[in-house]
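If you want the building blocks of each chain, they are given just below.
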Amino acid sequence: MNPCISIFLRDWTMTDHRLWAREAIRIIEADFQRSADTHLIPLPMPGFPGVELYFKDESSHPTGSLKHRLARSLFLYALCNGWLRPGAPVIEASSGSTAISEAYFARLLGLPFIAVVPASTSQEKIAQIAFYGGQSHLVKDPTQIYAESERLARESGGHFMDQFTYAERATDWRANNNIAESIFSQMRFERHPEPSWLISSPGTGGTTATLGRYVRYRQYPTRVLCADAERSVFFDSYKSGDRSLQLDCGSRIEGIGRPRVEASFLPDVIDAMVKVPDALSLAAMHYLAGRLGRRVGGSSGTNLIGALIAAQQMHAAGEAGSIVAILCDGGDRYATSYYDQGWLKSQGYQLEGVIEAVTACVEGGKPLPATILREGI
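Small disclaimer: the values here were computed from a predicted structure and weren't measured.

Undergrad: How would you summarise the overall build of the chain if you had to cite specific residues and measurements?
TA: The number of helices and strands found in the chain is 13 helices and eleven strands. Its C-alpha atoms give the chain a radius of gyration of 21 Å, near enough to 21 Å, the size a compact globule of 377 residues would have. The principal-axis extents of the C-alpha atoms in the chain amount to approximately 80 × 45 × 40 Å. Among the 377 residues that make up the chain, the fraction classed as buried is 54%. For the chain, the share of sequence-separated contacts (at least 6 apart) that also reach a separation of at least 24 residues comes to 76%. Element-wise, carbon and sulfur atoms account for 51% of the exposed surface of the chain, whose accessible area totals about 16300 Å².

What follows is the structure, encoded as structure tokens:
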């Protein structure tokens with residue numbers, strides 16, 4: 001019996017879909033080349049002599065947050081996998097910031113975009129999604145944004161981006177100007193060019209995955225600390241090893257903390273975690289905004305607390321060095337929530353004394369409230 005080769009080709013020439021995807025990738029790459037890197041801002045901590053803190057300011061991206069990097073990577077990943085098609089909508093489950101950034105890239109490519117967001121999402125974020133041409137589909141129960149996104153994608157013939165699954169694999173953690181490579185490049189002329197700690201809060205888990213993989217790949221001694229929100233399962237999963245944990249509510253710190261353990265959360269590349277009470281995150285946010293002279297988001301406050309925990313550990317051990325934390329987004333999109341005294345009061349937050357405690361820690365080295373949970377530090 002003679003062997004034979006079976007061949008099935010739709011066409012020997014490049015398909016219209018391949019040609020469209022190639023042009024779409026060119027458009028995204030051209031947009032990237034027009035963008036500068038984000039700033040690295042030193043923040044002196046008089047209470048911890050010998051420890052130098054820097055914030056990687058991701059709010060300076062075109063769409064104002066760390067999620068701009070993720071959205072670009074997700075679109076490139078989807079295009080290279082053949083998942084996006086001309087005219088077909090892109091759907092994403094988000095607490096707002098990723099949706100804003102994805103709406104930006106969808107508009108670049110002329111694609112319809114639908115953001116599936118909790119009904120509690122700030123009006124400023126919803127307005128920004130609309131500014132970039134996207135629609136917001138509000139869901140009362142934040143734990144249902146995944147199922148609702150899948151339904152919309154199925155019924156519309158569109159593509160569900162699913163940042164919570166693909167964040168860790170869409171980003172090239174070896175190079176490609178990822179956030180870790182950018183940090184180390186910018187730190188090379190500092191007194192302590194290899195940070196002792198990198199601090200990031202988890203939304204998808206993708207940023208901590210990138211940071212943890214990169215420092216291992218480049219053989220740096222740098223440790224990664226993940227600062228979780230109060231209403232989130234990441235910390236408890238990290239501590240227990242149980243990935244099945246779930247909550248029946250969403251995080252009050254927009255952009256971070258999840259009611260379930262997302263696929264992109266990789267605990268084995270994280271060296272330590274802390275769980276920060278929401279009031280302390282918001283107090284640290286207000287303190288940081290005062291020091292920088294501009295508003296920042298609540299997750300940046302969470303990261304400041306994580307940085308202070310790391311600084312306390314270094315100071316107690318007599319260790320000098322540097323810490324780099326992520327400034328995730330600007331605070332203008334929280335003008336009617338975190339920066340509104342009426343809203344804070346309605347939510348039961350009394351921040352004055354807590355802001356004083358953060359100030360005493362940064363500027364005088366005083367211990368932070370003992371309500372912070374820690375693991376691995």
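Additional details are given in the paragraphs that follow.
Undergrad: Could you give an account of the pairing of strand β4 (residues 113-118), with specific residues and numbers?
TA: Of all six residues making up β4, six are buried, and the element is well covered by its neighbours. The pairing of strand β3 (residues 90-93) with β4 spans four bridges and is parallel. Across the sheet, residue E92 finds its bridge partner in β4, namely A115. A crossover links β3 with its parallel partner β4, the connecting element being helix α3 (residues 97-109), and its sense is right-handed. Where β4 lies against strand β5 (residues 135-139), five bridges are found, and the strand directions are parallel. Of the residues in β5, the one forming a bridge with A115 is S136.

Criteria and thresholds
- Residues numbered from 1 in each chain as written.
- Predicted model: local features only at pLDDT ≥ 70, side-chain atom pairs only at ≥ 80, totals over all residues.
- Heavy atoms only, no water.
- Helix = DSSP H or I, 4+ residues; strand = E, 2+ residues; numbered from the N terminus.
- Rg over C-alpha atoms; globule rule 2.2 N^0.38 Å.
- Buried < 20%, exposed > 50% of the residue type's maximum accessible area, 1.4 Å probe, protein only.
- Contact = heavy atoms within 4.5 Å.
- Areas by Shrake-Rupley, 256 points an atom, 1.4 Å probe, with all protein chains shown as cover.
- Pairing = 2+ DSSP bridges.
- Right-handed = clockwise from strand over helix to strand, strands pointing away.

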